[in-house]
Amino acid sequence: MSKIKITETCLRDGHQSLIATRLKTCEILPILSEMDKVGYHSMEVWGGATFDACIRYLNEDPWERLREIRKIVKNTKLQMLFRGQNILGYRHYADDVVEKFIEKSVENGIDIIRIFDALNDVRNLKTSIDATKKHGAHLQVAMSYSISPVHTHEYYVNLSKEIEEMGADSICIKDMSGILLPYEGYELVKEIKKNISIPLELHTHSTCGIGEMLYLKAVESGVDIIDTAISTFGGGTSQPSTESIVKTFEKTKYSTDLDFDRLKKIADYFKPIREKYLNEGILNSKSYFINPQIIETQLPGGMISNMINQMKAQGAEDKFDEVLKEIPRVREDLGYPPLVTPLSQMVGTQAVMNILSGEKYKMISKEIKDYVKGLYGKPPSSINKDLKRKILNGEEEVLCRPADLLENEFEKFKKESLEFAKSDEDILSYILFPQIAKTFLEKKYNQNDNQVININLEFD
Ligand code: CO
């Protein structure tokens, strides 16, 4: 048993979960030198939805944000969340793009890359794993945690062993919906730790009111690292609060040794910023409502509010409870995919269509069709036979690694973006989000010609 290490998530998951990823770089930079002195194991600052949000909502270059953070954070490891073959977007990208993205992430300052696949299909992780190794970052592979007849302890133990064999430096149990029950977590951590020799990290959310208890039990059970967010951006749909966890283990053999006075300063720094987002209506007080129902529906926090809006727009709010009941049925039909991006959205939307059209699978989204054809990878369990027959309609199922069907695409996008992309980073932004990145880059380089020259010098 040893001291617990802390990954601080407020600059990625914390604000992604509570204020729709709206923290601006200028709100992040002033506190970084304090954060750098706390003694965190790492700081998660990039990836996930931050990349998309920077370009789409903040008119900011995510690559520049990373470089600015790196300039100030000199001692603490910087971590990012990476969606395997989906990178930070929502489709499968070709291998050359995945590799290039990892190369540039490391070059711009990332130390630890947490990679996951929604389906836990390790074939979808292969390219990112190899690229992370090649470019010298710490390789952490995360297993999407889910509850279903196939997601047993044995399933996760076997998956952990496979991940260790693939060369991971550490493993994370990614409980994105905050549904891992404390005693369940205690046993799961114990069994995984028995079977692997690399560090084990645990990631949860406080959404269901059990996250703090889970951390207590998991620490007692031997987990090495846990994810927390500074209180100002912790709790609710975010991670358990850093200070609360630090205090919990103080003066015990698990003590984190983090500088508590600095934590207070950091929490205070973010208070007026949180207040501003609360007043603007971006921070919704509902994000702090405890929602244990999710333990059964397994929908991640943000997904519920999205679905309510989706149904409001169709004037069908009254059918929301029916949709909630439909979700587990759709999930079963699809072979129990874990409900994490992009599958949470896909399953949710299909459940809405099943209820609103009044007939199951009368309408099927393109994404669900692709999933059933095997284009997202191997489902955890078998897909409903009738649904599969209906969708395949005589076509052959894809059994290979989905990315094997994709031609390299970096050069093609490079040619397309000659007019507005000035660096490999720009091209990668364009590949992930073609429309919005094009508009963003055109605006960025037209604003200030001097800037263009600087960027060329610095990065080509
Ligand atoms: Co999370």
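All figures in this text were calculated on a predicted structure; none of them were measured in a lab. Starting afresh in each chain, residues are numbered from 1 along the sequence in its written order. Reporting in this predicted model follows two pLDDT cut-offs: at least 70 for local features of residues, and 80 or more for side-chain atom pairs to be given and counted; totals over whole chains, interfaces and linings ignore these cut-offs and use all residues. Side-chain measures were taken over the full set of non-hydrogen atoms in the model, leaving aside hydrogen atoms and water.

A. Region of the structure containing the environment of Ala403. Note that Ala403 resides in the loop between helix 18 (385-392) and helix 19 (410-416). Judged by its relative accessible area of 3%, Ala403 is buried. Separated by 237 residues in sequence, Ala403 and Met166 place their C-alpha atoms 18 Å apart. Runs of E in the DSSP output that reach at least two residues are strands. Runs of H or I that reach at least four are helices, and both are numbered from the N terminus. Here's how the labels work: a residue is buried when its accessible area is under 20% of the maximum for its type, exposed when over 50%, partly exposed in between, all with a 1.4 Å probe on protein chains only.

B. Region of the structure containing the packing of helix 6 (residues 95-107) against helix 20 (residues 424-432). Between N-to-C directions, angles cover 0 to 180 degrees, with each direction set by a line fitted to C-alpha atoms, over the stretch in contact for helices. Across the interface, helix 6 lies against helix 20 with an axial gap of 10 Å and an inter-helix angle of 130°. When the axis of helix 6 is compared with that of helix 20, the two are oblique. In this structure, helix 6 crosses over helix 20, and the sense of that crossing is left-handed. Residues Val97, Lys100, Phe101, Lys104 and Glu107 of helix 6 lie in contact with helix 20, whose contacting residues are Asp424, Glu425, Leu428, Ile431 and Leu432. Orientation labels follow simple angle bins: below 35 degrees gives roughly parallel, above 145 gives roughly antiparallel, 65 to 115 gives roughly perpendicular, and whatever is left gives oblique. Whether a crossing is left-handed or right-handed is set by the direction in which the near helix is turned from the far one by less than a right angle, anticlockwise for left-handed and clockwise for right-handed. Whether two residues are in contact is decided by their heavy atoms, any of which lying within 4.5 Å being enough.

C. Expanded view of the packing of aromatic side chains. Note on ring pairs: Phe, Tyr and Trp rings are taken, using the six-membered ring of Trp, and paired if centres are within 6.5 Å. Classes follow the plane angle, with under 30 degrees stacked, over 60 edge-to-face and the rest tilted. In the structure shown here, the tally under the stated rule is 17 aromatic pairs. A centroid spacing of 5.1 Å and a plane angle of 75° characterise the contact between Phe420 and Tyr430, whose relative ring orientation is edge-to-face. Of this pair, Phe420 sits in the loop between helix 19 and helix 20 while Tyr430 sits in helix 20; the two residues are ten residues apart in sequence, bridging distant segments of the chain. Phe420 gets classed as buried once you look at its relative accessible area, which sits at 5%. In this structure an aromatic cluster arises from ring pairing among Trp46, Phe51, Trp63, Phe82, Tyr90, Phe101 and Phe433. Lying across the ring of Phe116, Lys174 places its NZ or CZ 4.7 Å from the centre. Put simply, a charge is over a ring when the Lys NZ or the Arg CZ is close to the ring centre, within 6 Å, and near the line of the ring normal, within 35 degrees. For the cation-ring pair, Lys422 lies above Tyr445, with the distance from its terminal atom to the ring centre recorded as 5.5 Å.

D. Quick peek at helix 9 (residues 182-195). In this model, helix 9 (14 residues) spans 20 Å end to end at C-alpha, consistent with the 20 Å of a helix rising 1.5 Å per residue. Restricting attention to buried positions, one finds in helix 9 the residues Pro182, Gly185, Leu188, Val189 and Ile192. Across the axial projection of helix 9, the buried residues extend over an arc of 115°, all falling on one side. Exposed side chains of helix 9 directed beyond 90 degrees from the buried face belong to Tyr183 and Lys194. The elements touched by buried residues of helix 9 are strand 5 (138-144), helix 8 (153-165), strand 6 (170-174), strand 7 (200-203) and helix 10 (211-220). What a helix should span is 1.5 Å times the count of its residues minus one. Directions drawn from the helix axis to the C-beta atoms are what define this arc.

E. How the structure looks around the domain arrangement of the chain. Domain ranges listed in this record stem from an automatic or a database domain assignment. According to the domain assignment, the chain consists of domain 1 (5-279), domain 2 (290-404) and domain 3 (410-459). One C-alpha centre belongs to domain 1, the other to domain 3; they are set 29 Å apart. Domain 1 puts 23 residues into the contact, and the matching count from domain 3 is 19 residues. Summing the contributions of domain 1 and of domain 3, the shared interface buries around 1,800 Å²; its carbon and sulfur component is 66%. By buried area we mean how much accessible surface two parts lose on assembly, using a 1.4 Å probe and totalling the loss over both. On the domain 1 side of the interface with domain 3, the three residues burying the most area are Ile55, Asn59 and Lys100, jointly 26% of the side's total. For this analysis, a salt bridge means a side-chain nitrogen from Lys or Arg found within 4 Å of a carboxyl oxygen belonging to Asp or Glu. Linking domain 1 to domain 3 there are three salt bridges. The partner of Asp61 in a salt bridge is Lys444, and the shortest N-O contact between them spans 2.7 Å. Between N or O atoms, a polar contact is any pair within 3.5 Å; within protein, one atom must be a potential hydrogen donor and the other a potential acceptor, and residues adjacent in sequence are included only when both atoms are from side chains. Summed over the shared surface of domain 1 and domain 3, the number is eight residue pairs in polar contact (both at pLDDT 80 or more).

F. Structural detail: unusual backbone geometry. For Ala20, which is not a glycine, the phi torsion comes out positive at approximately 50°. Mapped onto the fold, Ala20 is located in the loop between helix 1 (10-18) and helix 2 (25-28). In this structure Ala20 comes out as partly exposed when scored by relative accessible area, which is 37%.

G. Geometry of the coordination of the cobalt ion. The donor set covers N, O and S atoms within 2.8 Å of the metal, switching to 3.2 Å for Na, K and Ca, and it leaves out water, so a site may look short of donors. Asp13 (OD), His203 (NE2) and His205 (NE2) make up the full set of protein donors to the cobalt ion, lying at 2.1 to 2.2 Å. Expressed as a motif, the donor residue spacing for the cobalt ion is D-x189-H-x1-H. We classify His203 as buried; its relative accessible area is 0%. Residue classification places His205 among the buried residues on the basis of a relative accessible area of 5%.

H. How the structure looks around the pattern of salt bridges. Within this structure, the stated rule accounts for 36 salt bridges. The closest approach of N and O atoms between Lys71 and Glu68, which form a salt bridge, is 3.3 Å. Taken together, the positions of Lys71 and Glu68, both in helix 5 (residues 62-72) and three residues apart, correspond to about one turn of that helix. A relative accessible area of 53% means that Lys71 is categorised as exposed. Since its relative accessible area comes to 29%, Glu68 is described here as partly exposed. Residue Glu326 is joined to Lys360 by a salt bridge in which the shortest nitrogen-to-oxygen separation is 2.8 Å. Placement of Glu326 in helix 15 (residues 320-333) and of Lys360 in the loop between helix 16 (343-356) and helix 17 (366-373) is noted, with a sequence separation of 34 residues between them. Connected through shared salt-bridge partners, Glu34, Asp259, Arg262 and Lys265 make up one network.

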